[in-house]
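# Architecture at a glance
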Amino acid sequence: MRGDFSYDVVVVGGGPAGLSAAIVCARAGLSVILLERGRFSGAKNLFGGVVYTESILSLVPDLFSEKRLPFERPVTEEGWWILSENGVVKITHTEETRRTGPPRAYTAFRARFDPWLEGRAREAGVLVVPKVRVVDVLREGGRMSGVLVDRPRSWDRPEPAEVRAPVTIISEGVNRILTRKAGLVPRDFAPEEVALSVKEVIQLPKGEVEKRFGLSEEEGLAVELIGEATLGLPGSGFLYTNTTSVSLGVGLFLSDFAEKGIKPYELLENLKRHPVLSRLLSGGEILEYGAHLIPEWGFEGLPRLCGDGVMVVGDAAGLVNPLFREGTNLAIYSGIMAGKAAVFAHERGDFSRAALYLYEEAFRQSYIYRDLKYFRKLKRFLRENRHFFEIYPEILNQVLHLYLTAQGRAKEEVFREIFTLFRKKRGLAGLLRDFLRMGRFLRGW
Ligand SMILES: Cc1cc2nc3c(=O)[nH]c(=O)nc-3n(C[C@H](O)[C@H](O)[C@H](O)COP(=O)(O)OP(=O)(O)OC[C@H]3O[C@@H](n4cnc5c(N)ncnc54)[C@H](O)[C@@H]3O)c2cc1C
C-alpha cells in the first residue's frame, strides 16, 4: 500500500464492529476501505468464545445457507460453576428446544470467525487491506477527513500515507488510541476501568469433549466460573467447549492484578489446578495461550459516539456487558447502526456530527444503551461487595455439602451447623445488608 487514497468511508479495524459497519456501507454502494493491522481480520483478536446468532443474522441473513458454518459447537447448555477450593456448585440450564431449534449462540474461534466475516465484507465490495496500522487521524477545517497509515506516501516521500474519506469509522477495539486522537474521549482508561483476561485453548483427544462434558456432537457447554476461579476477587473465568477442545480463561480488573501482585498466567495456572477442572482437562494439550483487555468503563465512561466526519463503534466505545458476556454482538449491532448513519450522511452530502448523530440516536434507543445505563453501578457494586466472590461461593459449597451428603447425623444438627456457618462467615446483619444491596443493584439504583 503506497500513495494517498480517497474513499467514501474508511474503517479502522477488522473486528466484528468494523467489518459490520463496512459491510453495511458497501452494500449501499459506497466505496469502503477497511484497514487492519493484523495479517488478516482476527489474527490479533482474542475472546472467550461465544458468538450470538441473532446479531450475525441481522448482518448475514443467509447464514444457514453456508456449507460450513464458521463456528465450533452450538451452545445448548449454559450457566455458572461456583467454585470453592475443592468443590463446585453447578447451575446450568438446558432444554429440548435448545437442542432441536436453531441455536441462539455458538462457540467460536476469532481466527476463523473474523476471516469468514471478512470474506463477507469482500463479497460486498469492501477493500480490506491487512498489515496496515493506522497511526493518526487526518483533519481538515476542524473535522475529520481520514487517517494516516504506517506506510510511506511514495519511495521518495517517507511520511505516512493518507487515506481520505468524509466518514471515518473507528473500530480499533479496547485500546481506543485513535478514538482519543479523534477527540471522542478525553483521556486514557484507568486500570480499574478494564479487565485483563487470560485464556488457553486446550485440545482433548477425539471424543473426549463429549465424554467428559456429557454432550453429543451437536451440543456445547458454556459456563462462567465464579469464586475460587478468581481467588475470591471480583471477576470471572469461563469454560467453553469447542469441537475437540476447550477454551478456558479467567479475568480480573487490571487494578486488582497490580494491587494484589497476581501474575495473569499464575491465575490461570491456579484455575487449571482446581481438582474439578484438572480432572476434566487431564491429558489435554495447550494449543493457544493469549491475553486481552476488556473495556469496563461502562455507562459513565461512554465516549461521544460521533463527531464531525467520525464515529466510534464496538469495544472502542466500551460496548460490552460483562455480566451477560455480550461483546461481539454489541460490536456487530453498533457497526450496523454506524454503517447506516454513514450511508445516510452520504445521501445528504452532509458529514457533520448532526448528520452522523443518527447513529447515536439509534444507539440511545437500543437495548445496548438501556443495559449500559441499567448496570452503570456495576463496577462500584463489585468493588464494594467483594465478599460476593469470596465468601458466598465457599458458603454455598459448604451448605450443599452438608445438606446433600448423608452424614449419619440428625438433620436438626446439620441445619444448626448451616445456620452457624452463615452467622460466622457473614453475620446475620451482613446477610440482610447484602440481600438489600443486591436488590437495590438489580433494580438499577
Ligand atoms: C477474554 C475475552 C473474552 C471474551 N468473551 C466474549 C464472548 O464469549 N462473547 C462475546 O460476545 N464477547 C466476548 N468478548 C468481547 C469481544 O471480544 C469484544 O467485545 C469484541 O471483539 C469487540 O469487537 P470490536 O470489533 O469492537 O473490537 P476487536 O475485536 O478488538 O477488533 C479491533 C480490530 O482493530 C484492529 N486495530 C486496532 N488498532 C488498529 C490500528 N491502529 N490500525 C489498524 N487496525 C487496528 C485490531 O487488530 C482488531 O482486529 C471477550 C473479550 C475478551 C478479551
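Residues numbered from 1 in each chain as written. Predicted model: local features only at pLDDT ≥ 70, side-chain atom pairs only at ≥ 80, totals over all residues. Heavy atoms only, no water.

### Side note on the pairing of strand β9 (residues 134–140)
Pairing of β9 with strand β10 (residues 143–154), which is carried by six bridges, proceeds in the antiparallel orientation. Looking across to β10, one finds that D136 is bridged to L148. A loop of two residues connects β9 with β10, the two strands running antiparallel in sequence, and G141 in this loop sits at a positive phi of about 55°. (Pairing = 2+ DSSP bridges. Helix = DSSP H or I, 4+ residues; strand = E, 2+ residues; numbered from the N terminus.)

### Quick look at unusual backbone geometry
Despite not being glycine, R176 shows a phi value in the positive range, around 40°. Examined against the element boundaries, R176 turns out to sit in the loop between β12 (167–170) and α5 (177–181). R176 gets classed as buried once you look at its relative accessible area, which sits at 3%. (Buried < 20%, exposed > 50% of the residue type's maximum accessible area, 1.4 Å probe, protein only.)

### Examining the domain arrangement of the protein chain
Many authors give the size of an interface as the accessible area that is lost as the parts come together. As far as domains go, the protein chain holds domain 1 (5–70 + 108–189 + 298–374), domain 2 (191–295) and domain 3 (378–442). For domain 1 versus domain 2, the separation of C-alpha centres amounts to 29 Å. Of the roughly 1400 Å² buried at the junction of domain 1 and domain 2 (both faces included), carbon and sulfur atoms supply 65%. Scanning the region where domain 1 abuts domain 2 turns up two salt bridges. For the salt bridge of E224 with R325, the shortest nitrogen-to-oxygen distance reads 2.8 Å. Counting every contact that joins domain 1 to domain 2 gives five residue pairs in polar contact (both at pLDDT 80 or more). Tallied by class, the residues present in the side of domain 1 that touches domain 2 amount to seven nonpolar, four polar and four charged. (Domains from an automatic or database assignment. Buried area = accessible area lost by both parts, 1.4 Å probe. Salt bridge = Lys/Arg side-chain N within 4 Å of Asp/Glu carboxyl O. Polar contact = N/O pair within 3.5 Å; in protein donor to acceptor, adjacent residues only side chain to side chain. Nonpolar A, V, L, I, M, F, W, Y, C, P; charged D, E, K, R; others polar.)

### Re the packing of aromatic side chains
Applying the stated criterion across every chain, the model contains 15 aromatic pairs. Between F375 and F441, the ring centres sit 6.1 Å apart and the planes meet at 45°, which makes this aromatic pair tilted. Residue F375 is found in the loop between α12 (367–374) and α13 (378–384), and its partner F441 is found in helix α16 (residues 428–442); the two are separated by 66 residues along the sequence. By the burial criterion, F375 is buried, and F441 matches it. Look at F381 and F441: their rings are 4.4 Å apart centre to centre, the planes differ by 10°, and that puts the pair in the stacked class. In this pair, F381 sits in helix α13 while F441 sits in helix α16, placing the two residues 60 residues apart along the sequence. (Phe/Tyr/Trp six-rings, centres within 6.5 Å; stacked < 30°, edge-to-face > 60°.)

### A few points about the site of the ligand
Around the ligand, the surrounding shell holds 37 residues, and the nearest of these are E36, G48, R110, D315 and T328. At a separation of 2.9 Å, an oxygen atom of the ligand approaches a polar side-chain atom of R37. In isolation the ligand offers 1000 Å² of accessible surface; the protein chains occlude 95% of this area. Going through the elements one at a time, α1 (16–27), β4 (50–52), β17 (285–295) and α10 (328–348) are the ones with two or more residues in the shell around the ligand. Top element by residues in the shell around the ligand is β17. It accounts for three residues. Grouping the constituent residues of the shell around the ligand by class yields 16 nonpolar, 13 polar and eight charged. (Near = heavy atom within 4 Å. Areas by Shrake-Rupley, 256 points an atom, 1.4 Å probe, with all protein chains shown as cover.)

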